[in-house]
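This is what each chain is made of:
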Amino acid sequence: MTKFEYSPAPESTSIVDIKSEYGLFINGKFEPAKGNKSFETINPATGKPLARIAYATNADVDKAVNSATEAYKKIWSKMPASERGKYLYRIARILQERAREFAVLETMDNGKPIRETRDVDIPLAAGHFFYHAGWADKLDFAGLGNSPKPHGVVGQIIPWNFPLLMLSWKVAPALATGNTVVLKPAETTSLTALLFAEVCQQAGLPAGVVNIVTGDGSTGAYLVNHPGIQKIAFTGSTEVGKGIARAIAGSGKALTLELGGKGANIIYEDAAMDEAVEGIISGIFFNQGHVCCAGSRLLVQESVLDEVTTKLKSRMELIRIGDPLDKNTDLGAINSKAQLEKIHELANSGDQEGAQRWSPQCELPTDGFWFKPTIFSGVAQSHRIAQEEIFGPVLSILTFRTPQEAVEKANNTPYGLSAGIWSDKGSKILWTAQRLKAGVVWTNSFNKFDPASPFGGYKESGWGREGGRHGLSAYVKVVK
Amino acid sequence: MSRIDVMKTYKLYINGAFPRGESGRVYEVKDSKGKFLGNPCQASRKDLREAVVSARAAQAGWVYSTAYLRGQILYRVAEMMESRKSEFIDVIVASEGKSVSAATNEVSAAIDMWVWYAGWSDKISTIAGSTNQVSGPFYNFTIPEAIGVVAIFASEKSPLLSLVSAVGGVLASGNTCIVIAAEKSPLAAIVLAEVVATSDVPNGVVNILTGKSSELVPWVGSHMDIDAVDVSGLSKKQESEVRIAGADNLKRIHRFTEMQSAQRVLAFVENKTVWHPIGV
Amino acid sequence: MQTKSPELVHDETSLKQFLLKLSPVDQVGVDSRAAMLGTRSIKNSSKNLAIDLAIRMVDLTTLEGADTPGKVRALCNKAVRPDPSDSTVPHVGAVCVYNDMVSIARAHLDSIGGKDVPVAAVSTAFPSGRASQAVKIQDTQDALDAGAGEIDMVIDRGAFLAGKYGQIYDEIVLIKSLCGEKAHLKVIFETGELVTYDNVRKASYIAMLAGADFIKTSTGKVVPAATPSVVLVMLEAVRDFYAMTGRRIGVKPAGGIRTTKDAIKQLVLVKETAGEDWLNPSLFRIGASALLNDLIMQRMKMRDGRYSSMNNVTLD
C-alpha cells in the first residue's frame, strides 16, 4: 500500500529581495560603515551566503548614539504621547502587511521553520508593537508614578534565536515610553532588523528615533559602555549579562537582562498525558531548542516514567526535520557552526557521564548545521546536561517521587526563567506554581508568549521583565 | 549620691538570639559629646554567614505564612516600639546629639512609618500584580513575590528612621533580611533588635549586625546566597564594589532616597507570570 | 456481562475502575495539537493520493425523513461511479441509509456493479437513541436481514451522562452479538452531546472494550460533529487500545466534513496519531454527502490544472 508521504511544500522566496550588501541604519538612512568593513551572513540550513552586513566601527556607534540623542532632545521627548503611539501603530500594521516577507527572510537567515516564523514570530512581533502603541499615552495608569520620565537613549542588544521578535520586545516598549534607540542585532541574524529599518522609514518614524548598528560582540561592548546611553537592555547568555552588570557598575546606567535558563517541565502522574507529551515536545524542540525558556529538563513523576518515555519516543518519530522553508518542517537548522559544536560538546558529556541517549531515525541534510532531536534518560542533577544550558534540541529526563521533591529539583539551579507544570489537579498546580522560583510558569501549556504577559527571570536568569505593565518599568526612571 | 546604672552589653541579633560576635572583636561608640556609650560587636564575615543561613532558613516559613499574619506581626513590632519609645529617644539623643523633641519626632515618625509598611503586606499583589489579557484561552496572571534574602546597609542619616524604612519594606513583601547597622550610630538598631525579638517575629526573619560596613561590603557583595542588597548606607564607590561582586549571582541592588515609599516594598519582589488553560 | 476483553474488564465495577484510570484530556492542549496538524500543507502527489484515499473512505450518506427509493438508488449510482467522466475515480467506502432502505440499496448496488460497496444501516433508534431495547434490537435485526454489511448504532447519551457506563457497554455487546461476523459494528457517540473530550475518551474505551469494530463521532444531526479535536481524541484511543490489546479499531468522523481540505486534515490526523496502518477504508471512514463532489472537483483541478465547476460534477 502506498504510504501517505507529504510532498515537498516549499514557501516561495520570491517575496524577499535580499540585497548583496547592507549598510547601517543611522538617523533614518542607510549608510555604509566607516572603513567599509563587512561580514557575511549565511543561511544555516544550506551554509550558503545570503548577504554582506556592515561592521559598525566605534565612530559609527558614536554617530548612532548622537543621532538618537538629538532625536530624543529635539523631537521624541517633545512629541505628545498619543502621537508617539500612532507611529507604533503604523509600524505594527506595516509589519502585518509585510508579514510573509518577514517570515521568509527570518527563516532564511535564522534556520527556523517557516511555519513558526509565519505563525509565531512575526505575528507576535507585530502584536508587541500594537500592544505598546496603546500604552504610549496611558503611562499614568501603569503604576509607575505620575508622568514617568523615559531614560533618554537606550542601547539594546538582541540575540539570534528570535531576531525580529526580540527586536520588537526591545524597541516597542522603549519607544512607547518615549526613549530613542540604538539597537545591535545578533551577528548571524541581522537581516530582519535591517528590513525593520525600512518599515520605520515607511512609517515615517522621525530620523534618529531608531538606529540599527550591525556588528559583533565588540560592537555591543562599545555600545554598552558608551557614555551617551542612559539604559541598556540585553538578551543573551548569562555570562555576558554578568559582564555587562560589572562593566556598568557605578555608571548610573539602568540595566535589564534577559539571560539563560534550564527550565524544568514537571509532569505529574495525574497529567493529561498526551497533551503533556505535546508540551514536552513544544518545550524543547520548538525553535530547535534555541530558547532561553526551553523546558530542557523533564521532571517526570517516577510512577509514570515508562509511560511518558514510550509516548515521547513515539511522538518524536513524527518530528519532521529538514528544509526550514518547507511548510511541513517541524525542526529546522541549528543557527551556526559554533552553536552546533556547543550542542555536540554537551550532548557528548551526557554520554560520558552515563546518561542514555536516544534519537528517532531521521535523515539530516548534508549541507548546513543540523542536530537530531535527542533525549537523555537517567539524568541526575549532578550531570552537566542537567545544569548547563545546551540551547539545542536536547532534553534531559529526570524523575521525582513527590511534589516537594519536584519543586526542590526544579529550583536546584542558579537559573530561574521558566517552568512547566502538568497535572489535572488545580490545587496541585497552584501549589507547585507558588513554589517554583521561575519568572514564567506555564501550567498545562508551554512556550506561550503574549505582549501583555510579562516575561523574565528570577536569580541568574536576569533582571526585570519584558511585556505587560511590568515590562514598562524598565524604560522609565523610577523615583525610589 | 546618684545610682550606678547597669550598663548594657550590645550584642548582635541573629536567628532570634543575641550572640556576641564570633571573632570576639568590639568597637567603641561614643556619644555626640565624646562620652563612651558602648562596645557594640564588630561582626565578622562568619557572623554574616550565620545571619544569611538564618535568614534563608526563615524565609520559606515567612513567605508562606499569610500576608495577614505577616501584617499582624509587623504591627506588633510597632506596638513594642511604642512601648519602648523612651529608650529609642534616649539612644538617639545620646548618640546623635539631637534634642529630646527632635528625637521624639523622629521616633514617632519611625513608629508611624513602620505602621505604614505593616499595612502593605496584604496589598502588594492587588497593587502591583495583574491579570493579563492574552490572546488565547488562558488565564494569565502576574504575581509579585518576595525575592528572598536581602542585605541592608543602613544609612547613617537619621539611623532609626532610615532603618525602619529599609526593614519595613523588605519584610512586608515576605523577604527576610540581614541589616548591617549604621557604623557610627548602631545603638538604635540594637534596640530595634530587642523590639523585634519580643514581637512574634519568627527567628531569622530579621538579623542585625553591627560593625564596620567596609569590612562586610566585599562579603555581602560576593555571598551567593544573598538575593538583593539595599546599598543606601554605602558610598558610591562601595556600591560599585557590591555591584561588581554581586554580578556573580546577579543580586538585585537598590539605593533609596525616599523614606516612605512604595518602591521600598516593590523593589524587592520578583514578578512571576503564570499561564493556565481555560477549558473543560 | 459478556466481554471482548476479559483481561481488562469483566463487570461494571472493573469497567468503572478502568475508566477512572484513564488519563485526563486537556481541552486546550488537544485543540492546539489539532490546529497545528491542520497547518500541514499537502500538495502534488501527496494531495492526489489523499484525494483518492478520501474518496475510498467516504460513507456516502442519505438519512432524511424524505428519502425515497429513487433518492437511494441515485445515491448508489453516485457511490459506484462518483464521476461518470472519469473511470479512474474509485468507488466510495460504503452507502449509508436508514434500515428500511437497506434492501433497495443492496439490490441496486448489486445490479450496477457495486457488489464491493457495503450498505451501512444506522440503527438502535438513530439518531436519538431513545427507545426500548426491544425496538433497538428489532431495528438492528431488520437491517441485517435486509442485507446490511455494516451497522452504525448510536449509544444512549442520556445513560452516559447519567453515568450508566455498564448499560452502554451491555447494549454494545448485545448489538455486536446480533451482527456476529456478518456485519461490522460502528458505535456512534454523538460527541456534540457528550461535549467534553474526557467523555469522548471514556466512550471510546467503553465501545472498544465491548467489541465495536469502529468508533464514530456523530449522527450528523447535531452540531458540533466531527471536529478535528474530537477525532484526534478518538484516534489516540484506538492507538493506545492497539498497544494494550493488539486489536485495531476503526474511526469514522461524520458530519461537518464538507471540503477536500477538511478531509485531508482528517487524513493528516490519522497519519500523525494512529499511523499509516489506519489509512485505509477498513479502518477509517468519513461519513459525508456533499464532500464527495468537492473531492471530485479537487481531483479534476489536480488532473486538469484549472478550477472546475459544479456543472462538471453530478448531483447524484
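Residues numbered from 1 in each chain as written. Chains lettered and ligands numbered in written order. Predicted model: local features only at pLDDT ≥ 70, side-chain atom pairs only at ≥ 80, totals over all residues. Heavy atoms only, no water.

All names here are of chain A. Overall, mixed pairing links the three strands, which are arranged β1-β5-β4 in an open sheet. The sheet is open, and its two edges are formed by β1 (21-22) and β4 (38-43), each paired on a single side. Direction of pairing for β1 relative to strand β5 (residues 48-54): parallel, over a ladder of two bridges. Looking at β5, one finds that E21 is bridged to R52. This element, helix α6 (residues 191-202), spans β1, β4 and β5 of the sheet and lies at about 55° to β5. (Pairing = 2+ DSSP bridges. Helix = DSSP H or I, 4+ residues; strand = E, 2+ residues; numbered from the N terminus. Contact = heavy atoms within 4.5 Å. Axes fitted to C-alpha atoms, helices over the stretch in contact; angles between N-to-C directions.)

Residues and elements named next belong to chain B. Of all the nine residues making up strand β4 (residues 138-146), seven are buried; the element is thus mostly covered by neighbouring parts of the structure. Where strand β3 (residues 130-131) meets β4, two bridges bridge the pair, whose relative direction is antiparallel. Residue pairing across strands places T131 opposite F141, the latter belonging to β4. Here β3 hands over to β4 after six residues, the two strands then running antiparallel side by side. (Buried < 20%, exposed > 50% of the residue type's maximum accessible area, 1.4 Å probe, protein only.)

Taken over all residues, the pLDDT of chain C has a mean of 96, while the share at 70 or more is 98%. Reported for the predicted complex are a pTM of 0.94 and an ipTM of 0.93. (pLDDT = per-residue confidence, 0-100.)

Further remarks concern the packing of helix α10 (residues 197-210) of chain C against helix α11 (residues 228-245) of chain C. All names here are of chain C. Running from amino to carboxyl end, α10 crosses α11 at an angle of 40°, the nearest separation of the two axes being 9 Å. Here α10 lies oblique to α11, going by the angle between them. As α10 packs across α11, the resulting crossing turns out to be right-handed. In contact with Y197, V200, R201, S204, Y205, M208 and L209 of α10, α11 contributes S229, V230, V233, M234, E236, A237, V238, D240, F241 and M244. Residues belonging to the contact of α10 with α11 are distributed by class as follows: twelve nonpolar, two polar and three charged. (Parallel < 35°, antiparallel > 145°, perpendicular 65-115°, else oblique. Left-handed = near helix turned anticlockwise from the far one by under 90°. Nonpolar A, V, L, I, M, F, W, Y, C, P; charged D, E, K, R; others polar.)

Moving on to the interface of chain A and chain B. The partner chain B presents 39 residues to the 39 residues of chain A that form the contact. Contact with chain B buries surface across chain A, with Y458(A), W463(A) and K480(A) losing the most and accounting together for 22% of the total. Remark: the boundary between chain A and chain B carries two salt bridges. As a salt-bridge pair, R465(A) and E270(B) come within 2.7 Å of each other at their nearest N and O atoms. There are 28 residue pairs in polar contact (both at pLDDT 80 or more) connecting chain A and chain B. Every element with two or more residues in the side of chain A that touches chain B is listed here: α8 (238-247), α14 (426-435), β18 (440-443), β19 (462-463) and α15 (468-472) of chain A. Of all the elements, α14(A) adds the most residues to the side of chain A that touches chain B, at five residues. (Buried area = accessible area lost by both parts, 1.4 Å probe. Salt bridge = Lys/Arg side-chain N within 4 Å of Asp/Glu carboxyl O. Polar contact = N/O pair within 3.5 Å; in protein donor to acceptor, adjacent residues only side chain to side chain.)

With that out of the way, let us pick up the interface of chain B and chain C. Listed by partner, the interface residues are six residues for chain B and five residues for chain C. For the pair chain B and chain C, the two sides together bury roughly 430 Å², of which 68% comes from carbon and sulfur. Contact with chain C buries area across many residues of chain B, yet P277(B), G279(B) and V280(B) alone supply 80% of it, more than any other trio. If you look at where chain B meets chain C, you find zero salt bridges. Linking chain B with chain C are one residue pair in polar contact (both at pLDDT 80 or more).

Once that is clear, we can look at empty space enclosed by the protein. All names here are of chain A. Tallied over the full model, the rule gives seven cavities of 30 Å³ or more. When its volume is computed, the largest cavity comes out at roughly 90 Å³. Around the largest cavity, the lining comprises 16 residues; the ones closest to its centre are R297, A410, G416, S418 and K437. Those elements that place two or more of their residues in the lining of the largest cavity are α13 (403-411) and β17 (418-422). (1 Å grid on protein atoms, 1.4 Å probe; cavity = no way out; pocket = protein on both sides within 12 Å on 5 of 7 lines; lining within 4 Å. Points joined across faces, edges and corners; volume = space filled by probe spheres on them.)

Right, let's talk about the sheet that holds strand β7 (residues 206-209) of chain B for a bit. Residue and element names in this part refer to chain B. With parallel pairing, the five strands of this open sheet are ordered in space as β7-β6-β5-β8-β9. Each having just a single partner strand, β7 and β9 (252-254) make up the two edges of the open sheet. In this sheet, neighbouring strand axes are inclined to one another by 15° on average, regardless of whether the strands run parallel or antiparallel. As paired elements, strand β5 (residues 149-153) and strand β6 (residues 176-180) share five bridges and run parallel to each other. When the bridges of β6 are listed, I152 appears paired with V179. Relative to the sheet, helix α1 (residues 45-64) contacts β5, β6 and β7, its axis offset from that of β6 by approximately 155°.

A few words on the pattern of salt bridges. Taken as a whole and judged by the stated rule, the model has 74 salt bridges over all chains. Between R255(B) and E239(B) there is a salt bridge, with the nearest N and O atoms lying 2.7 Å from each other. A residue pair is termed long-range when its members are at least 10 positions apart, and R255(B) in the loop between β9 and α10 (262-266) and E239(B) in helix α9 (residues 236-246) qualify at 16 residues. Relative accessible area serves as the criterion here: at 23%, R255(B) is assigned to the partly exposed category. If you follow the salt bridges from partner to partner, you end up with D59(C), E150(C), D152(C), K186(C), K216(C), K252(C) and R285(C) in one network.

Tallied over the entire structure, the rule returns 25 aromatic pairs over all chains. Seen in terms of ring centroids, Y89(A) and F130(A) are 5.1 Å apart; in terms of plane orientation they differ by 75°. Their pairing is edge-to-face. Here F130(A) lies in helix α4 (residues 114-135) and Y89(A) lies in helix α2 (residues 81-97), a separation of 41 residues in the sequence. Here a set of aromatic residues connected by ring pairs shows up, and it is made of W169(A), W442(A), F446(A), F449(A) and F455(A). Over the face of the ring belonging to Y242(C) we find R248(C), whose NZ or CZ atom lies 4.3 Å from the ring centre. (Phe/Tyr/Trp six-rings, centres within 6.5 Å; stacked < 30°, edge-to-face > 60°. Lys NZ or Arg CZ within 6 Å of the ring centre and 35° of its normal.)

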